[in-house]
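Letter by letter, the chains look like this.
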Amino acid sequence: MPIQYFVVFINPEFTLYLPKPHKSIILPTQVNPFIRKLAATPAKLTASDKKLADLLMSLHKEEDPYSRLTFYDFSILEKGIVSSCCRSLAIVISDGFCTCTKCGYKEEIDSAVLRSIEELRLLFPDLIITTIGVYQWCGETVSKKTIRRVLKQSSNTFINKRRWSYFE
Ligand SMILES: [Zn+2]
């Protein structure tokens, strides 16, 4: 059976610059026309086609065998606010600002705490966000009062957009 292969990029925000169009590469803006073209192609299916389709479906893997997520746990991860510029944990906090001692990047403390909360939610989607949890995640460097305030403000902003709950 002749096989035609394609590499299909489905992320709508993805772009690939090629010196010239490649017939086997389907870019995001080409996906819909490509599907329409496939659907419009006349075909007469035989019993062996059906057998092949069944075989392919039986070989389909629901779980990605190449997943590279390693095990991690809150307790084993190093805590602290990371520099949003160089990802270092060497942060000094004073006068409402976090300053990275490695690259010199300076960020308002509220924005750094918000970023840390987003990290927590990304790394631990099932974790209930608490003031004390964020406090520990930030390496116990930011006051609980500040964290509570940032959590309150952000929950007001995000509550309608997505699941966002936290407990005192
Ligand atoms: Zn830095």
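For clarity, every value in this text was computed on a predicted model and none was experimentally measured.

Overview of the coordination of the zinc ion
- Protein-derived ligands of the zinc ion are Ser83 (OG), Cys86 (SG), Cys100 (SG) and Cys103 (SG), with the metal-ligand distances lying across 2.2 to 2.4 Å.
- One way to put it: the 4 donor atoms around the zinc ion meet at angles of 104 to 117 degrees, and that makes the site tetrahedral.
- Mapping the donors of the zinc ion onto the primary sequence yields the spacing S-x2-C-x13-C-x2-C.
- Classification of cysteine 100 by relative accessible area gives buried; the value is 3%.

Digging into the domain arrangement of the protein
- Taken domain by domain, the protein comprises domain 1 (1-43) and domain 2 (74-167).
- For domain 1 and domain 2, the distance between their C-alpha centres works out to 42 Å.

Observations concerning the side chain of serine 24
- With respect to the secondary-structure elements, serine 24 resides in the loop between β1 (7-8) and β2 (25-26).
- Among the polar contacts made by the side chain of serine 24, one reaches the main-chain carbonyl oxygen of tyrosine 5 at a distance of 3.5 Å.

Describing the pairing of strand β4 (residues 97-100)
- In β4, alternate side chains face the same way, and those of Cys98 and Cys100 are buried while those of Phe97 and Thr99 on the opposite face are not.
- Of the strand pairs in this sheet, strand β3 (residues 91-94) and β4 are connected by 4 bridges, and their pairing is antiparallel. Pairing of isoleucine 93 across the sheet is with cysteine 98, part of β4.
- Here β3 folds back onto β4 in antiparallel fashion, the turn holding 2 residues, of which aspartate 95 has a positive phi close to 50 degrees.
- As defined by bridge partners, β4 adjoins strand β5 (residues 106-108) across 3 bridges and the pair is classed as antiparallel. Each bridged residue has a counterpart across the sheet, and for cysteine 98 the counterpart in β5 is glutamate 107.
- In textbook terms, the turn of a hairpin is the stretch between consecutive antiparallel strands, and for β4 and β5 this stretch comprises 5 residues, one of which, glycine 104, has a positive phi near 85 degrees.

A short note on the pattern of salt bridges
- Under the defined criterion, the tally for this structure stands at 4 salt bridges.
- Residue lysine 50 is joined to aspartate 54 by a salt bridge in which the shortest nitrogen-to-oxygen separation is 3.2 Å. With lysine 50 and aspartate 54 both in helix α2 (residues 47-59) and 4 residues apart, this pair spans about one turn of that helix.
- Note on lysine 50: relative accessible area 54%, which makes it exposed.
- The exposure class assigned to aspartate 54 is partly exposed, which follows from its relative accessible area of 39%.
- With a closest N to O distance of 2.7 Å, aspartate 110 and arginine 149 form a salt bridge. With aspartate 110 in helix α3 (residues 109-123) and arginine 149 in helix α5 (residues 144-158), this residue pair connects regions lying 39 residues apart in the sequence.
- Under the relative-accessibility criterion, arginine 149 is labelled partly exposed at 37%.

About the criteria used
- Residues numbered from 1 in each chain as written.
- Predicted model: local features only at pLDDT ≥ 70, side-chain atom pairs only at ≥ 80, totals over all residues.
- Heavy atoms only, no water.
- Donors = N, O, S within 2.8 Å, 3.2 Å for Na, K, Ca; no water.
- Tetrahedral: all angles 85-135°; square planar, octahedral: opposite > 155°, others 65-115°.
- Buried < 20%, exposed > 50% of the residue type's maximum accessible area, 1.4 Å probe, protein only.
- Domains from an automatic or database assignment.
- Helix = DSSP H or I, 4+ residues; strand = E, 2+ residues; numbered from the N terminus.
- Polar contact = N/O pair within 3.5 Å; in protein donor to acceptor, adjacent residues only side chain to side chain.
- Pairing = 2+ DSSP bridges.
- Salt bridge = Lys/Arg side-chain N within 4 Å of Asp/Glu carboxyl O.

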